[in-house]
Amino acid sequence: MNLMDDMLNPYYVDIVVFLIIYLLLGLGLNLITGYAGQVSLGHAAFYGIGAYSSAILSVTYGMNPWASMGSAVVITFVISAILGLPSLRVREDFLAITTLGLGLIAQSVFKNAEITGGAYGIDSIPVPSLFGLELKNVGYLLLVVVVLLAGIFVMQKMTKSRIGRAWMTIREDEMVAQAMGINTTYYKVLVFAIGGAYAGAAGALFAHKASYISAESFGFTISVTVLSMVVLGGLGSIRGTLFGVSVLYLLPELFRLFKLDFMEMKNLDVYKMMVYGLLMVIVMRYRPKGLFGKTGFKKKKRYSAGKEAAIKGGDQVA
Amino acid sequence: MLKIEGITKRFGGLVAVDQVSLQVNQGEIFGLIGPNGAGKTTFFNILTGIYKPDAGTIMFEEKPFRIAKSGIARTFQNIRLLKEETVLDNVALGMFGKTSSGLWAAILGLRSAKEEEAIVHTESLRLLELVGLASYEQLEAGSLSYGNQRRVEIARALVAKPKLLLLDEPTAGMNAEEVQEMTALIRKIRENGTTVILIEHNVTMVTGLCDRIAVLDHGVKIADDSPEAVISNPEVIEAYIGKVDEEGVTQHAAN
Ligand SMILES: Nc1ncnc2c1ncn2[C@@H]1O[C@H](COP(=O)(O)OP(=O)(O)OP(=O)(O)O)[C@@H](O)[C@H]1O
Ligand SMILES: [Mg+2]
C-alpha cells in the first residue's frame, strides 16, 4: 500500500476521494428528491450529522473509527427519518422551504453546540486502520470506492423493487399511491431515512479523511451544489447522478489545475457558483429532465387536476 | 355485502354527502347517478378512505371496513395513470397491497421477492388480456387512447381481485362503440364474481346494465330502486330537468 502511495500523486487521490464522497451525497439526495419526489434543500444537514456523529464518537468518546462510522450511519438514518416528518404534512414548494430551514438550523447547532466544538469544530479525527495499517491515501481511496459500489448496488436493488415502485408512485401521484394501498407515511419517512443515511456515510467518510471538521463544511451552499449536480445528471437516474456530480465536481478542479490566467484563483468559489447557476438554467431550459433523467420537477399536478377540478378549485379528488 | 348508514361529508358549509344510507348486495351492478356536483365522487372517496365521513358507518362484509386491503378497488373520474410508465407497470401497481416483500428482500435479492414479482407479472398480463389490451403491455400508458387508458385503470383496479369495484364514470368521453365495449366489460367483471358500483351519466347505459340504481341530488339520496322505477320517478326527473337530453347527459362528456 505504501508503494502505491508513492506512485500516485496524493493530490489526485484526494480529489477522487472527495469526489466519491460527493457521489454518495448525490445518490442519497437523488433517492429523496429524484425517486420519491420529496424536494430537499437541507441535504447538508444529514451530511453534517454523519460527520459530527463519527467525529464525536471517535474523538470525544474514543470509539474505534470503524465503529464510529457505522454508528454515524445508523444515527443519521434515525435523525433523517425524524427530519423527514414535515414531508408528511406539507406540499412540494413548502417542503423546499422547510428543509432549507432545517438545514440552516442544523448548521447553527453545529456552530454553537458544545459537543460539536462550537465555532472551532473538531480536530484530530483518527484514521481507521485495517490489519494494523492506517488507511491513508490509496487505502482510504479503496475504502470509499467499496462504500460507493455498495451504495450503488443497494440503490439499484431498492429502486427496482417494490419499494422503488412505491416511491415512484408517491412522486407521480400521491392519491393513486393511497388508492393502491401504499402506506405513503411509511415510504416517505423511509426515503428520508435511507437518503439521509447515504449522506451520513458520506459525512463520516469526509470527517475521517479531512481529520478536521467545522460547521462551514455543512452549509446551504453544499445542499444547493449537490442538488444542482443531481438535477443536471437527471432526477431518478443513478447514472445521471454519477455523471452530474463528476462533471460539476471536477470542473472547478480543472480550472485550478490549468491555472487559467484570466481568473483569480481566490475567486474560484464565486466562479463555481456562477457556472453551476448558468448550467442549471441551460439544463432546465433545454433538458428539464436532466441529462439522463426520467423525471423532472413538478410532475404531480399534470394528471391530477382535470379542467373541472381546476375550475372548482381546491384539492379535491375526482 | 356493503352496508352504509347515515354517511355525511361536509366541506366547510357545503354538505357534499348528506345522511346517505345504502346497501349493495353481493354480485350486483349498482348504479349511482345524479346531476353534476351531487356528491357521487365524494361518496367514492369516502368509501376508499380518502375522506373521513363526518358522520355515519360503513360495514363491508359485516366488518367495519378498511381501505384497499379489505377488497375495495376503484377507478378515477379523471384518469390517474402514471403516464410515463408502461401499461404493464401501471397494472402491476394494483397488486401493491397484495405483496409484502420489504427492504431486505430487495437488497439481498431473496427468492420470495422474485417469486412475488413473478406472480405480479403473470397476474397483470392476465388482467390486460381480460380488458383486451394484451398487446399494449410495453407501451407508455400516456400514449394510449382515452378509452384504452380507462381500460388500464380498470385492469389496475381488478388485478388484486377486489370483491367490490367502484367505477367513476368509466365511459366519460367515449364514443358509442367504446361505450358498448365498456358495458360488455363490466358485465364480464360481474360474471367473474366482482360486485360493481357504477357512477355514470349515460342513462341508457346505466338502466341497461344495473340491477339497482340510487340517485343523489345535492348530497341527498332521492331514490333507490330498479332502473325502470328510478327513471320514471318524478323527483328524479325533476332533479335532472334541463340537464338530460334523450341520450343522457352528452354535454357532460366534455369532462
Ligand atoms: N375537497 C373538496 N373541497 C371542497 N369541496 C369539495 C371537495 N370535493 C368535492 N367538493 C364539492 O362537493 C360537491 C360534490 O362533488 P362531487 O365531486 O362529489 O360531485 P359529483 O357528483 O361527482 O359530480 P360530477 O358528476 O360533476 O363528477 C361539489 O359541490 C364539489 O364542489
Ligand atoms: Mg364526480
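Conventions and cut-offs
Residues numbered from 1 in each chain as written. Chains lettered and ligands numbered in written order. Predicted model: local features only at pLDDT ≥ 70, side-chain atom pairs only at ≥ 80, totals over all residues. Heavy atoms only, no water. Patch = residues over 30% accessible without salt bridge, like charges linked within 9 Å, V, L, I, M, F, W, Y side chains within 5 Å. Areas by Shrake-Rupley, 256 points an atom, 1.4 Å probe, with all protein chains shown as cover. Salt bridge = Lys/Arg side-chain N within 4 Å of Asp/Glu carboxyl O. Helix = DSSP H or I, 4+ residues; strand = E, 2+ residues; numbered from the N terminus. Donors = N, O, S within 2.8 Å, 3.2 Å for Na, K, Ca; no water. Buried < 20%, exposed > 50% of the residue type's maximum accessible area, 1.4 Å probe, protein only. Pairing = 2+ DSSP bridges. Contact = heavy atoms within 4.5 Å. Axes fitted to C-alpha atoms, helices over the stretch in contact; angles between N-to-C directions. Expected span 1.5 Å × (residues − 1). Polar contact = N/O pair within 3.5 Å; in protein donor to acceptor, adjacent residues only side chain to side chain. Phe/Tyr/Trp six-rings, centres within 6.5 Å; stacked < 30°, edge-to-face > 60°. Lys NZ or Arg CZ within 6 Å of the ring centre and 35° of its normal. Left-handed = near helix turned anticlockwise from the far one by under 90°. Nonpolar A, V, L, I, M, F, W, Y, C, P; charged D, E, K, R; others polar. pLDDT = per-residue confidence, 0-100. Core = buried A, V, L, I, M, F, W, Y, C linked by side-chain atoms within 4.5 Å.

### Some thoughts on a nonpolar patch on the surface
Stage number 1. There is a patch of nonpolar side chains on the surface, built from Val 74, Ile 75, Phe 77, Val 78, Ile 79, Ile 82, Leu 85 and Leu 88 of chain A and spanning about 610 Å² of accessible area.
Stage number 2. Residue position: Leu 85 of chain A is located in the loop between helix 4 (65-83) and helix 5 (92-112).

### Details of the coordination of the magnesium ion (ligand 2)
Residues and elements named next belong to chain B.
Stage number 1. Surrounding the magnesium ion (ligand 2) are the protein donor atoms Thr 41 (OG1) and Gln 77 (OE1), which sit 1.9 to 2.1 Å from the metal. Of the two residues, Thr 41 sits in helix 1 (residues 40-47) while Gln 77 sits in the loop between strand 6 (72-74) and helix 2 (87-93), which places them 36 residues apart along the sequence. Accessibility classification places Thr 41 together with Gln 77 in one group, the buried group.

### Description of the sheet that holds strand 2 (residues 14-24) of chain B
Residues and elements named next belong to chain B.
Stage number 1. Spatially, the four strands line up as an open sheet ordered 2-1-4-5, and their pairing is antiparallel. Pairing within the sheet leaves two strands with one partner each, and these edge strands are strand 2 and strand 5 (63-64).
Stage number 2. Those strands touched by helix 1 are strand 1 (2-11), strand 2 and strand 4 (55-60), and its axis lies near 115° from that of strand 1.

### Observations regarding helix 4 of chain A
Residues and elements named next belong to chain A.
Stage number 1. Taking 1.5 Å per residue as the helical rise, helix 4 with its 19 residues ought to reach 27 Å, and the 26 Å between its terminal C-alpha atoms agrees with that figure.
Stage number 2. Residues Pro 65, Ser 68, Met 69, Ala 72, Thr 76, Ser 80 and Ala 81 constitute the buried set of helix 4.
Stage number 3. Residues of helix 4 that are buried sit in contact with helix 3 (43-60), helix 6 (137-160) and helix 9 (184-210).
Stage number 4. The opening residue of helix 4 is Asn 64, an N-cap whose side-chain oxygen sits 2.6 Å from the backbone nitrogen of Trp 66.

### Here's the deal with the packing of aromatic side chains
Stage number 1. Tallying each qualifying case throughout the model produces 14 aromatic pairs over all chains.
Stage number 2. Members of the aromatic cluster, each reached through a chain of ring pairs, are Phe 18, Tyr 47, Tyr 52, Phe 110, Phe 206 and Phe 218 of chain A.
Stage number 3. Across the ring face of Phe 96 of chain B, the terminal group of Arg 162 of chain A is positioned such that the distance to the ring centre comes to 4.1 Å.
Stage number 4. Over the aromatic face of Tyr 286 of chain A sits the side chain of Arg 285 of chain A, whose NZ or CZ is 4.7 Å from the ring centroid.

### Regarding the packing of helix 2 (residues 10-35) of chain A against helix 11 (residues 238-258) of chain A
Residue and element names in this part refer to chain A.
Stage number 1. The contact between helix 2 and helix 11 brings their axes to 8 Å, and the two run at 145°. The handedness of the crossing between helix 2 and helix 11 is right-handed. Counting all contacts with helix 2, which are made through Tyr 11, Tyr 12, Ile 15, Phe 18, Leu 19, Tyr 22, Leu 23, Gly 26, Leu 27, Asn 30 and Tyr 35, the residues of helix 11 involved are Ile 238, Thr 241, Leu 242, Val 245, Ser 246, Tyr 249, Leu 250, Glu 253, Arg 256 and Leu 257.
Stage number 2. Classifying every residue of the contact of helix 2 with helix 11 by side-chain character gives 15 nonpolar, four polar and two charged.

### A look at unusual backbone geometry
Residue and element names in this part refer to chain A.
Stage number 1. Here the phi dihedral of Ser 124 falls at roughly 55°; this positive angle occurs in a residue that is not glycine.
Stage number 2. Examined against the element boundaries, Ser 124 turns out to sit in the loop between helix 5 and strand 1 (129-130).
Stage number 3. Unusually for a residue other than glycine, Phe 131 sits at a positive phi of about 50°.
Stage number 4. Checked against the element boundaries, Phe 131 lands in the loop between strand 1 and strand 2 (133-134).
Stage number 5. Owing to a relative accessible area of 83%, Phe 131 belongs among the exposed residues under this scheme.

### Side note on the confidence of the model for chain B
All names here are of chain B.
Stage number 1. Looking at chain B, pLDDT values average 88 and 93% of them are 70 or higher.
Stage number 2. Of all the helices and strands in chain B, strand 5 carries the lowest mean pLDDT, 74, while strand 8 (residues 195-199) carries the highest, 96.
Stage number 3. Here residues 249-255 scores under 50 on pLDDT; set against residues more than four positions off or in separate chains, the count is 16 contacts.
Stage number 4. If you check the scores for this complex, the pTM reads 0.86 and the ipTM reads 0.83.

### Describing the nonpolar core
Nonpolar side chains in soluble globular proteins tend to end up buried together.
Stage number 1. Trp 167, Ile 182, Tyr 187 and Ile 213 of chain A together with Leu 2, Phe 43 and Ile 197 of chain B are the most contacted members of the largest nonpolar core, which totals 116 residues.
Stage number 2. Per-element accounting of this core gives the leading share, 15 residues, to helix 2 of chain A.
Stage number 3. Ignoring sequence-local partners within four residues, the contact set of Tyr 187 of chain A consists of Arg 162, Ile 163, Ala 166, Trp 167, Ile 170 and Ile 182 of chain A together with Phe 96 of chain B.
Stage number 4. Within the second largest apolar cluster, 45 residues are counted, among which are Leu 167, Ile 189, Val 215 and Ile 222 of chain B.

### With respect to the pattern of salt bridges
Stage number 1. In this structure the tally under the stated criterion is 18 salt bridges over all chains.
Stage number 2. As a salt-bridge pair, Arg 165 of chain A and Glu 117 of chain B come within 3.0 Å of each other at their nearest N and O atoms. One end of the pair, Arg 165 of chain A, is in helix 7 (residues 162-172); the other, Glu 117 of chain B, is in helix 4 (residues 111-130), on a second chain.
Stage number 3. Look at Arg 165 of chain A and you get buried, because its relative accessible area is 16%.
Stage number 4. Close ionic contact of Lys 289 of chain A with Glu 84 of chain B constitutes a salt bridge, the shortest N to O distance being 3.4 Å. You can see Lys 289 of chain A sitting in the loop between helix 12 (268-286) and helix 13 (300-304) and its partner Glu 84 of chain B sitting in the loop between strand 6 and helix 2, one on each of two chains.
Stage number 5. By relative accessible area, which is 32% here, Lys 289 of chain A ends up partly exposed.
Stage number 6. According to the relative accessible area criterion, Glu 84 of chain B is partly exposed, its value standing at 24%.
Stage number 7. Sharing partners across several salt bridges, the network here consists of Glu 28, Arg 212, Lys 221 and Asp 224 of chain B.

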